[in-house]
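Here are the chains, one letter per residue:
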Amino acid sequence: MNLTNVLRGSAAMLSLAFVASVHAGSDEPAYPPRFELSGFGTLGAVTTDDKDVWFTRYGVNFPGEKDPDFSPDSLVGIQGSLRLTPYNDITLQGLVREDGDASQDPQLTLAFFRQTLAPGLSMRIGRVRVPFFMLSDSLYVNYANLWVRPPVEVYGLNPFNDLDGIDFIYHARLGSYDIEVHPYYGGGRIPFPLGKARLKEVLGVNLGLSRGDFSLHLGHGEGSFTLERGDTLFLAVADILQRTGQGGVIADLSGTHGRTSFDSVGVQWEDGSWQFIGEYARRKTNRYAASAHGWYLSLGRRFGPVMPYVVVARQTLDEQFAEARMPPGRLAAAWDLFLGSRNNAQRSLTLGARWELAAYAAVKAEVTRATPDDDAWGSYAPSGDAQTTRIGGRTLNTFSLSLDLSF
């Protein structure tokens, strides 16, 4: 019996437990439903000193044509929760931001029913946040994070944020430690420029451990995925491969039969004055996307309402997703350009500060000095002709400013 069947069997048994819990509570006194509404938003601007490139968050926003660019970080969201009984509730969250296809249509980012099955154990069915990272729950609520945005060297490894499926969250106390076990199953999708990507049959589990000021996160997930490309650079490369008798390589560049796994480890320590956060993540795929890993270390020191911080980060390419023997000249240059555009490897140093304006508002400013690897675009894209704009190996300075609200 494989792990997928085990989880599906567990889901069936826990669903029966859910039904039993509903009937068990039918004799209890009536509980008046309670509705709660909250919101959050970010107004963020990004600019880079070299105007022939744009900063971009792949899979999150479409590279902008304005300087400064407001699309990577700006968003507004509303969340409503309806508590039906002491044991269950319904949560909806709507979000407006630019996505990877340059659309600003409203998105439904949370839509789940939660049921308490036993003391410390709950189940959610619907659309939840995919828990690939230590800070996944606060990805959209930027006010909850120290930085303008989580370090892209790690959080850019997996742009999927929403999971349509089922998860279970179990909390327990072991001595002086709080433990959380979080298995999940489902899928999700995101748009890309002239393409789309989808996760399917994702099965994973997270383990959280905390004590006082310290917390630890461990996570593993795996499943199948599709990445159907349609952008201009891909179509040009596909045509070259077809004309040079290497059409079979196209199946490694775009399609519907990919497999992937994702691992993450994170630690956080905060005593009210100092804050330390470190995280490592690894993405492994068999096609369509490169296998890579990344890490960051962040240290901040609070001085009243202001916390300056420094972040050191690195993403490294482990294995490219396709190999082909290209003829020399312009055809080889096009192939190298395509692979570089899909390689986000870079190293960076960020200096920033967060100013707490009030209990619901914060201003953040940071300067990042990043160097994409020689054969990579890192977290940048050319603002003009991609064939004549060199990104790999350059040192680029990016300034980010944001106002975060939580209400």
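Details of the structure are given in the entry above.
Here the structure is a predicted model, which means the values were calculated and not measured.

A. A look at the overall build of the protein chain. Helix and strand content of the protein chain: four helices and 18 strands. Counting only residues that meet the buried cut, the protein chain has 49% of its 407 residues in that class. In the protein chain, the share of contacts with a sequence separation of at least 24, taken over all contacts with a separation of at least 6, comes to 65%. Entry remark: accessible area of the protein chain is about 19,200 Å², with carbon and sulfur atoms responsible for 60%.

B. Structural detail: the environment of V46. Mapped onto the elements of the fold, V46 is located in strand β1 (residues 34–48). Beyond its immediate chain neighbours, meaning those up to four positions away, V46 contacts F55, D67, P68, D69, P72, D73, R149, T398, F399 and S400.

C. Summary view of the pairing of strand β3 (residues 75–85). Pairing geometry for β1 and β3, over nine bridges, is antiparallel. Across the sheet, the residue bridging to S38 is Q79, located in β3. For β3 and strand β4 (residues 88–97), the ladder comprises ten bridges, and the chain directions are antiparallel. Bridged to G77 within β4 is L95. Here β3 folds back onto β4, and the loop between the two strands holds two residues.

D. Region of the structure containing the pairing of strand β18 (residues 396–406). As paired elements, β1 and β18 share nine bridges and run antiparallel to each other. In the strand pairing of β18, V46 is matched with S400. Bridging between strand β16 (residues 361–372) and β18 involves ten bridges; their strand directions are antiparallel. Bridging from a neighbouring strand, E366 pairs with S400 of β18.

E. The packing of aromatic side chains, seen in detail. Tallying each qualifying case throughout the model produces ten aromatic pairs. Considering the side-chain rings of F321 and F338, the 6.3 Å spacing of their centres and the 80° angle between planes classify their relative orientation as edge-to-face. Of this pair, F321 sits in the loop between β14 (306–319) and α4 (330–341) while F338 sits in helix α4; the two residues are 17 residues apart in sequence, bridging distant segments of the chain. Ring-pair connections join several aromatic residues into one group, and the members of that group are F132, F133, Y155, Y184 and F262. Sitting over the face of the ring of F112, R124 holds its NZ or CZ atom 5.0 Å from the ring centroid. Over the face of the ring belonging to F303 we find R301, whose NZ or CZ atom lies 5.0 Å from the ring centre.

F. Broad picture of the environment of T398. Considering the arrangement of structural elements, one finds T398 in strand β18. Measuring from C-alpha to C-alpha, the distance between T398 and T48 comes to 4.3 Å, with 350 residues separating the pair along the chain. Separated by 2.8 Å, the side chains of T398 and Y380 make a polar contact.

G. Highlighting the nonpolar core. Counting 33 residues, the largest nonpolar core has F132, F133, W147, Y155 and Y296 as the members making the most contacts within it. In terms of residues, this core owes the most to one element, β14, which gives four residues. Apart from residues lying up to four places away in sequence, Y296 is in contact with M134, L135, W147, P151, V154, Y155, I277, G278, E279, V311, V312 and A313.

H. Seen up close, the pattern of salt bridges. Scanning all chains against the criterion turns up 20 salt bridges. A salt bridge links D73 to R57, with the nearest nitrogen and oxygen atoms 3.1 Å apart. Highlighted residues: D73 in the loop between β2 (53–55) and β3 and R57 in the loop between β2 and β3, separated in sequence by 16 residues. Relative accessible area serves as the criterion here: at 2%, D73 is assigned to the buried category. Judged by relative accessible area, R57 falls into the buried class, the value being 18%. Between R173 and D178 there is a salt bridge, with its nearest N and O atoms 2.8 Å apart. Under the relative-accessibility criterion, D178 is labelled partly exposed at 34%. The network of salt bridges with shared partners includes R57, D73, R149 and E366.

I. View of the environment of L349. If you trace the backbone, L349 turns up in strand β15 (residues 346–358). Sequence spacing of L349 and A313 is 36 residues, and the spatial spacing of their C-alpha atoms is 6.6 Å. In this view, L349 contacts V310, V311, V312, V367, T368 and R369; residues no more than four positions away in its chain are not counted.

J. Focus on the side chain of D263. Turning to its location among the elements, D263 is positioned in strand β11 (residues 255–270). Here the side chain of D263 touches H220 through a polar contact of 2.5 Å, side chain to side chain. Excluding residues that lie within four positions of it along the chain, D263 makes contacts with G219, H220, Y280, A281 and R282.

K. Structural detail: unusual backbone geometry. Going from D67 to P68, the amide bond is cis rather than trans, its omega being 5°. The residue E201 is not glycine, and still its phi comes out positive at about 50°. One can find E201 in strand β9 (residues 195–211). For E201, a relative accessible area of 48% gives the class partly exposed. Residues other than glycine seldom take positive phi values, yet Y288 does so here, at roughly 75°. Taking the relative accessible area as the measure of exposure, Y288 reaches 1% and is therefore buried.

The rules behind the values
- Residues numbered from 1 in each chain as written.
- Predicted model: local features only at pLDDT ≥ 70, side-chain atom pairs only at ≥ 80, totals over all residues.
- Heavy atoms only, no water.
- Helix = DSSP H or I, 4+ residues; strand = E, 2+ residues; numbered from the N terminus.
- Buried < 20%, exposed > 50% of the residue type's maximum accessible area, 1.4 Å probe, protein only.
- Contact = heavy atoms within 4.5 Å.
- Areas by Shrake-Rupley, 256 points an atom, 1.4 Å probe, with all protein chains shown as cover.
- Pairing = 2+ DSSP bridges.
- Phe/Tyr/Trp six-rings, centres within 6.5 Å; stacked < 30°, edge-to-face > 60°.
- Lys NZ or Arg CZ within 6 Å of the ring centre and 35° of its normal.
- Polar contact = N/O pair within 3.5 Å; in protein donor to acceptor, adjacent residues only side chain to side chain.
- Core = buried A, V, L, I, M, F, W, Y, C linked by side-chain atoms within 4.5 Å.
- Salt bridge = Lys/Arg side-chain N within 4 Å of Asp/Glu carboxyl O.

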